[in-house]
Amino acid sequence: MEHFGYLFATYSIIFVAMFLYVAFIWQRQSRLESEVRALEAKLKALTEPRSESGGAESGSKPSP
Amino acid sequence: MARKLVTSLGVLSLILVITALYMVFEYVPTEADEGIVQRIFYFHVPCAWIAFMAFGLVAVAGIFYLWLGGQIWDDLGHAAAETGMLFCTLMLVSGSLWARPMWGTWWTWDSRLTSTFILWLLYGGYLMLRVMIEDSRQVARFAAVIGIVAALDVPVIILSVRLWRTIHPAVLVTRQGGHGLQDPRMVATLLVSLTAITVTFAWLFLVRFAELRMGTRLAALARGIALAEVRSGDI
């Protein structure tokens with residue numbers, strides 16, 4: 001089993017790198033999800049005063 | 001539908017990678033000249049193939065971006081460049097780990113290695129450009145041009161073993177024609193590894209692409225909300 005260390009190191013590096021890239025994508029995904037929540041809250045804050053004051057606007061959907 | 005496709009690709013990728021690993025470590029016979037270290041080849045070659053394909057995709061996306069100008073082409077090129085860079089790095093690292101016991105050195109300025117390193121640097125520059133400059137339209141234009149120019153290096157890398165004197169082995173298509181894999185089990189292992197890495201690339205690429213599209217839509221939505229906030233403040 002000469003040079004087994006090189007073989008083991010190669011495959012370890014390949015899978016660690018792929019795992020790290022998946023973790024990086026995951027992290028970005030959670031950041032985007034928190035951005036979506038923040039935007040939803042902003043949108044709610046924008047539309048709520050109108051729906052409280054205006055009878056005609058209360059049933060209409062907010063446009064982005 | 002898209003979520004199902006991504007999940008299916010992820011599961012398929014896992015199954016194929018485990019199968020490929022089994023074949024690399026258990027099924028395939030040890031090569032007579034190089035010994036056990038030759039088994040690096042079964043993931044090194046697919047990583048190279050995927051990196052070249054990804055950079056080809058960057059160039060195609062760049063051409064379409066310059067021609068049609070849609071943000072989708074920029075996102076496509078960005079996702080392909082990032083995923084391609086991962087596989088290009090893995091190709092260089094695995095090649096270096098193979099070279100140490102075979103050539104007695106981690107690196108040599110051979111024509112194929114040098115042209116591959118240039119490709120890695122070009123796409124490294126492409127990705128750094130995206131991180132460093134804020135103006136997204138300007139970055140997209142520059143990135144499209146760099147992506148197209150950098151892809152011209154791919155045929156140079158592929159043909160380098162035929163064009164120049166090089167110590168890099170030509171296993172898939174030898175200098176005499178034909179392929180250098182003596183055993184059918186070696187060919188089968190290479191094909192399974194190639195499929196496994198291709199499906200893994202497709203999965204990673206689709207996830208990253210979907211994320212970039214979502215980011216683009218969110219940025220547009222945030223701009224719309226900010227504008228609405230300003231207008232409601234004026235009233």
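With respect to the overall build of chain B
The helix and strand inventory of chain B stands at seven helices and zero strands. In chain B, the succession of helices and strands from N to C terminus is α-α-α-α-α-α-α. Referenced to the eigenvectors of the C-alpha coordinate spread, the extents of chain B come out at roughly 80 × 40 × 30 Å. Relative to its full complement of 235 residues, chain B shows a buried share of 37%. In chain B, once contacts between residues fewer than 6 apart in sequence are set aside, the share between residues at least 24 apart is 78%.

Focus: the overall build of chain A
Per the secondary structure count, chain A includes one helix and zero strands. Out of the 64 residues belonging to chain A, those deemed buried represent 6%.

A few points about the packing of helix α3 (residues 71–103) of chain B against helix α5 (residues 136–151) of chain B
Residue and element names in this part refer to chain B. Running from amino to carboxyl end, α3 crosses α5 at an angle of 55°, the nearest separation of the two axes being 10 Å. Classed by the angle they form, the pair α3 and α5 counts as oblique. Judged by the sense of rotation from one axis to the other, the crossing of α3 with α5 is left-handed. On α5, the residues touching Asp-74, Gly-77 and Ala-81 of α3 are Ala-140, Ala-143, Ala-144 and Gly-147.

What about the interface of chain A and chain B?
Counting from both sides, the interface comprises 24 residues of chain A and, opposite them, 27 residues of chain B. The residue makeup of the side of chain A that touches chain B, split by class, is 17 nonpolar, three polar and four charged.

Thoughts on the packing of helix α2 (residues 41–68) of chain B against α5(B)
For any two helices packed against each other, the geometry comes down to the angle between their axes and how far apart the axes lie. All names here are of chain B. Their axes nearest at 8 Å, the elements α2 and α5 cross at an angle of 135°. In terms of orientation, α2 lies oblique with respect to α5. When you trace α2 past α5, the crossing you get is left-handed. Contact residues: Phe-55, Gly-56, Val-58, Ala-59, Gly-62, Ile-63, Tyr-65 and Leu-66 in α2; Ala-140, Ala-144, Val-145, Gly-147, Ile-148, Ala-150 and Ala-151 in α5. For the contact of α2 with α5, the class distribution of residues is 12 nonpolar, three polar and no charged.

Remarks on α3(B)
Residue and element names in this part refer to chain B. The end-to-end C-alpha distance of α3 is 46 Å, a good match for the 48 Å that 33 residues give at a rise of 1.5 Å each. Most of α3 sits out of view: 24 of its 33 residues are buried. Directly beyond the C-terminal end of α3, a positive phi value near 80° is found at Gly-104.

Some details on the nonpolar core
Judged by nonpolar contacts, the single largest core of 63 residues is most densely connected at Cys47(B), Ala51(B), Ala54(B), Phe55(B), Val58(B), Ala80(B) and Phe87(B). Other than its neighbours up to four places away in sequence, Ala51(B) contacts Gly84(B), Phe87(B), Cys88(B) and Met91(B).

Overview of the confidence of the model for chain B
Residues of chain B with pLDDT of at least 70 account for 94%, and the chain-wide mean is 88. Between the elements of chain B, mean pLDDT differs from a low of 85, seen in helix α6 (residues 153–163) of chain B, to a high of 94, seen in α2(B).

Focus: the environment of Trp26(A)
Residues and elements named next belong to chain A. Looking at the element boundaries, Trp-26 is found in helix α1 (residues 4–53). Using a count of 12 C-beta atoms within 10 Å as the deciding quantity, one classes Trp-26 as exposed. In the structure, Trp-26 is positioned 11 residues away from Arg-37 in sequence and 17 Å away in space, judged by C-alpha atoms.

So, helix α1 (residues 2–27) of chain B
Its 26 residues give α1(B) an end-to-end C-alpha distance of 35 Å, which sits within 8% of 38 Å, the value for a rise of 1.5 Å per residue. All buried positions along α1(B) are accounted for by Ser13(B), Val17(B), Ala20(B), Met23(B) and Val24(B).

A short note on the confidence of the model for chain A
Predicted confidence across chain A gives a mean pLDDT of 77, with 73% of residues reaching 70 or more. Contacts for the low-pLDDT stretch residues 54–64 of chain A, under 50 throughout, to residues beyond four places or in other chains number seven contacts.

Criteria and thresholds
Here, residues in each chain are numbered from 1, in the same order as that chain's written sequence. Note on labels: chains are lettered from A, ligands numbered from 1, in written order. Given that the model is predicted, a residue must reach a pLDDT of at least 70 before its local features are reported, and side-chain atom pairs must reach 80 or more before they are shown or counted; all residues, however, enter totals for whole chains, interfaces and linings. Numbering goes from the N terminus for both helices and strands, where a helix is a DSSP run of H or I of at least four residues and a strand is a run of E of at least two. Working definition of burial: number of other C-beta atoms within 10 Å of the residue's own, with buried at 20 or more, exposed at 12 or fewer, and partly exposed in between, all C-beta atoms being placed from the backbone. Residues are scored as being in contact if the C-beta atoms we place from backbone atoms lie within 7 Å. Between N-to-C directions, angles span 0 to 180 degrees; the directions come from axes that are lines fitted to C-alpha atoms, helices contributing only their stretch in contact. Put simply, angles under 35 degrees are roughly parallel, angles over 145 are roughly antiparallel, angles from 65 to 115 are roughly perpendicular, and the rest are oblique. In this scheme the crossing of two helices becomes right-handed for a clockwise turn of the near helix relative to the far one and left-handed for an anticlockwise turn of less than a right angle. We call Asp, Glu, Lys and Arg charged. Ala, Val, Leu, Ile, Met, Phe, Trp, Tyr, Cys and Pro are nonpolar, and the rest, Gly among them, are polar. To estimate the expected span of a helix, subtract one from its residue number and multiply by 1.5 Å. Buried Ala, Val, Leu, Ile, Met, Phe, Trp, Tyr and Cys residues form a nonpolar core when they are connected through C-beta atoms within 7 Å. pLDDT is a residue-level measure of predictor confidence that goes from 0 to 100.

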